[in-house]
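This is what each chain is made of:
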Amino acid sequence: MPPGISTLAADAPTLSAANTGFMLICSALVMLMTPGLAFFYGGMVRVKSTLNMLMMSFISLGIVTILWVLYGFSLAFGTDHGSLIGWSSDYVGLSGLGLTQLWDGYTIPVYVFAVFQLMFAIITPALISGALADRVKFTAWALFITLWVTVVYFPVAHWVWGAGGWLFEMGVIDFAGGTAVHINAGAAALGVILVIGKRVGFKKDPMRPHSLPLVMLGAGLLWFGWFGFNAGSWLGNDDGVGAVMFVNTQVATAAAMLAWLAYEKIRHGAFTTLGAASGAVAGLVAITPSGGAVSPLGAIAVGAIAGVLCAMAVGLKFRFGYDDSLDVVGVHLVGGVVGSLLVGFFATGGVQSDAKGLFYGGGLDQLGKQATGVFAVLAYSLVASALLAFVIDKTMGMRVDEDVEVSGIDQDEHAETAYDFSGAGGGAGSRKAAPAPSDAVPAAPNKKVDA
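Please read all numbers here as calculations on a predicted model, not as lab measurements. (Residues numbered from 1 in each chain as written. Predicted model: local features only at pLDDT ≥ 70, side-chain atom pairs only at ≥ 80, totals over all residues. Heavy atoms only, no water.)

Draft legend 1. View of the overall build of the chain. What the chain contains, in helices and strands, is 15 helices and two strands. Its C-alpha atoms give the chain principal-axis dimensions of about 80 × 50 × 45 Å. Look at the contacts in the chain between residues 6 or more apart in sequence, and 78% of them connect residues 24 or more apart. Put simply, the chain shows about 16800 Å² of open surface, and 67% of that area lies on carbon and sulfur atoms. Taken as two groups, the 21 positive and 28 negative side-chain charges of the chain have centres that lie 15 Å from each other. (Helix = DSSP H or I, 4+ residues; strand = E, 2+ residues; numbered from the N terminus. Contact = heavy atoms within 4.5 Å. Areas by Shrake-Rupley, 256 points an atom, 1.4 Å probe, with all protein chains shown as cover. Lys, Arg positive; Asp, Glu negative; His and termini not counted. Charge placed at Lys NZ, Arg CZ, Asp CG, Glu CD.)

Here is the structure:
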């Protein structure tokens, strides 16, 4: 996504109503992904944490939107400074833009590009929240989002997508956010949970999803919105690249879901709905950086590899003792790494660029670039996020009190509960006492019981 403002040269592109309308639709689809993520995560937690999980995603829509307008867009996509950060005064408050001023080299207004990229900035910190379920103060989380997007997301977005950004100039391929979004969020999640510690009862108490239908609904909304996330990242429909990305998004997601389910059946003896939803998300994550560089057959390979490796990775938290509540590390970090590195193997050189991977005669050059991008973003986000969490924890405290965590964070933090059980068990005029709310979930053949 080359950034900048178009010149007034005679041969400069002219505004395309078709591409502009398409990009506004894609922006709305990406916006829908954040509520979809809220449902996906909200169904995976226990009853007593449902609202808090929904709110941890939803609040990002408010905080990041304001920060993006004030200074975030300028930091991410303004004039390059030292290959590390951007800044353009015209972008501050989006106050210096003309109505039809075009994004450099494209046929859409700067306003449209800005709002499309805003939706990426919103969902990235929301992804982190799944690792922190049940135990984080809402005010601390809001402050963390504010600091994290400023210190981590905006600079990394400039590295990867900003003209002059060092990874962009190196030639690292990240079509729609494998490094800037998924590795960034997954590494941040790992950094924060290493600081704040485990949930009460981790590896002892059952922490099963309270509503698998909500999980499936959220996964479906994510899958739907991801077409805007991925296909829209080419910023137009003039050369067919976005269409290839659309096809590859569907193909890789399907392959990953099937691969996850196959692994689950062999490993645990059942095909679970949670596995289907998680596998689909793993495929979406992995194809995000690579889908503009690979063929549909390559997309099948990317999805299948990611489905199996992410399914294997979700169990690492039990082996190593870090409490990644909803598998943000296992799915987003691992899936982002896998998808980004596989560009170095499966890039055909015939889609978004002429860069070829190892299997298409390109040698190790592109793989080396991809590895540089992966590990640079991973290391920076991990360290910076852990430091931010440490500072917040030592000042205002990141975690709720233990008794609040045990009794339920929803009531304490939001003065509400997700479900009203007062009328359960009886119709009009019934004298039967309603059952008390419970976090107990009947046993099911769902082997992924960590959520």
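So, next bit.
Draft legend 2. Focus on the side chain of serine 233. If you trace the backbone, serine 233 turns up in the loop between helix H7 (212-231) and helix H8 (241-268). A polar side-chain atom of serine 233 sits 2.7 Å from the main-chain carbonyl oxygen of phenylalanine 229. (Polar contact = N/O pair within 3.5 Å; in protein donor to acceptor, adjacent residues only side chain to side chain.)

Draft legend 3. Broad picture of the packing of H7 against helix H9 (residues 273-290). Viewed as axis vectors pointing N to C, H7 and H9 meet at an angle of 15°, and their least axial separation amounts to 9 Å. Judged on the interaxial angle alone, H9 and H7 are roughly parallel. Here H7 and H9 pass one another in a crossing that is left-handed. For the pair formed by H7 and H9, the contact residues are Leu212, Val215, Met216, Ala219, Leu222, Trp223, Trp226, Phe229 and Asn230 on the first element and Thr273, Leu274, Ala277, Ala280, Val281, Leu284, Val285, Ile287 and Thr288 on the second. Across the contact of H7 with H9, the residue classes break down as 15 nonpolar, three polar and no charged. (Axes fitted to C-alpha atoms, helices over the stretch in contact; angles between N-to-C directions. Parallel < 35°, antiparallel > 145°, perpendicular 65-115°, else oblique. Left-handed = near helix turned anticlockwise from the far one by under 90°. Nonpolar A, V, L, I, M, F, W, Y, C, P; charged D, E, K, R; others polar.)

Draft legend 4. View of the nonpolar core. Ranked by internal contacts, the top residues of the largest apolar core, which has 110 residues, are Phe40, Phe73, Trp103, Leu132 and Tyr153. Ranked by the residues each element gives to this core, the list is headed by helix H4 (residues 138-161), at 15 residues. Not counting the four nearest positions on each side in its chain, phenylalanine 40 is found in contact with Leu214, Val215, Gly218, Ala219, Leu222, Ala277 and Val281. The next biggest cluster of nonpolar side chains, apart from the first, holds 10 residues, and it includes Ala252, Ala286, Leu342 and Phe346. (Core = buried A, V, L, I, M, F, W, Y, C linked by side-chain atoms within 4.5 Å. Buried < 20%, exposed > 50% of the residue type's maximum accessible area, 1.4 Å probe, protein only.)

Draft legend 5. Region of interest: the environment of tryptophan 226. In this fold, tryptophan 226 is placed in helix H7. A C-alpha to C-alpha distance of 19 Å links tryptophan 226 and leucine 274, two positions 48 residues apart in sequence. Apart from the residues lying within four places of it in its own chain, the contact partners of tryptophan 226 are Met33, His182, Ala231, Leu284, Val285 and Thr288.

Draft legend 6. Inspection of the environment of phenylalanine 116 at higher detail. In this structure, phenylalanine 116 sits in helix H3 (residues 110-128). For phenylalanine 116, a relative accessible area of 0% gives the class buried. Between the C-alpha atom of phenylalanine 116 and that of methionine 23, which follows or precedes it by 93 residues, the distance is 7.2 Å. Excluding its chain neighbours within four sequence positions, the residues that come into contact with phenylalanine 116 are Met23, Cys26, Ser27, Val30, Gly228, Phe229, Gly232, Ser233 and Leu235.

Draft legend 7. Representation of the packing of helix H12 (residues 328-346) against helix H13 (residues 365-395). With their axes 7 Å apart at the nearest point, H12 and H13 run at an angle of 160° to one another. With respect to H13, the axis of H12 lies roughly antiparallel. Considering how the two elements wind past one another, H12 and H13 form a crossing that is right-handed. Contacts from Leu333, Val337, Ser340, Leu341, Val343, Gly344 and Phe345 of H12 reach H13 at Gln366, Leu367, Gln370, Ala371, Val374 and Leu378.

Draft legend 8. Representation of the pattern of salt bridges. Evaluated as defined, the whole model comprises seven salt bridges. For the salt bridge of aspartate 323 with arginine 199, the shortest nitrogen-to-oxygen distance reads 2.8 Å. On the criterion of sequence distance, the pair formed by aspartate 323 in the loop between helix H11 (316-320) and H12 and arginine 199 in the loop between helix H6 (178-196) and H7 is long-range, its members being 124 residues apart. The salt bridge partner of aspartate 327 is lysine 317, with a shortest N-O separation of 2.8 Å. Taken as a pair, aspartate 327 in the loop between H11 and H12 and lysine 317 in helix H11 lie far apart in primary sequence, 10 residues in all. Take lysine 317: its relative accessible area is 1%, and that puts it in the buried class. A cluster of three or more residues bridged by salt bridges with shared partners is formed by Arg46, Asp134, Arg135, Arg199 and Asp323. (Salt bridge = Lys/Arg side-chain N within 4 Å of Asp/Glu carboxyl O.)

Draft legend 9. Expanded view of H9. Taking 1.5 Å of rise per residue, the 18 residues of H9 would be expected to cover 26 Å, and the 26 Å separating its terminal C-alpha atoms lies within 8% of that figure. H9 sits mainly inside the fold: 17 of its 18 residues count as buried. (Expected span 1.5 Å × (residues − 1).)

Draft legend 10. Region of interest: the packing of aromatic side chains. One pass over the structure, following the stated rule, counts 27 aromatic pairs. With centroids separated by 6.0 Å and ring planes inclined at 85°, the aromatic side chains of tyrosine 71 and phenylalanine 154 adopt a geometry described as edge-to-face. Of this pair, tyrosine 71 sits in helix H2 (residues 50-77) while phenylalanine 154 is found in helix H4, placing the two residues 83 residues apart along the sequence. For phenylalanine 154, a relative accessible area of 0% puts it in the buried group. Judged by centre distance (4.2 Å) and plane angle (15°), the ring pair of phenylalanine 227 and phenylalanine 246 falls under stacked. Pair noted here: phenylalanine 227 is in helix H7 and phenylalanine 246 is in helix H8, with a separation of 19 residues, a long-range link. A relative accessible area of 13% means that phenylalanine 227 is categorised as buried. Overall, the relative accessible area of 40% leaves phenylalanine 246 in the partly exposed class. Each member of the aromatic cluster is reached from another via a ring pair, and the members are Trp68, Tyr71, Phe73, Phe77, Tyr91, Trp103, Phe113, Trp148, Tyr153 and Phe154. (Phe/Tyr/Trp six-rings, centres within 6.5 Å; stacked < 30°, edge-to-face > 60°.)

Keep in mind these numbers describe shape, not what the thing actually does.
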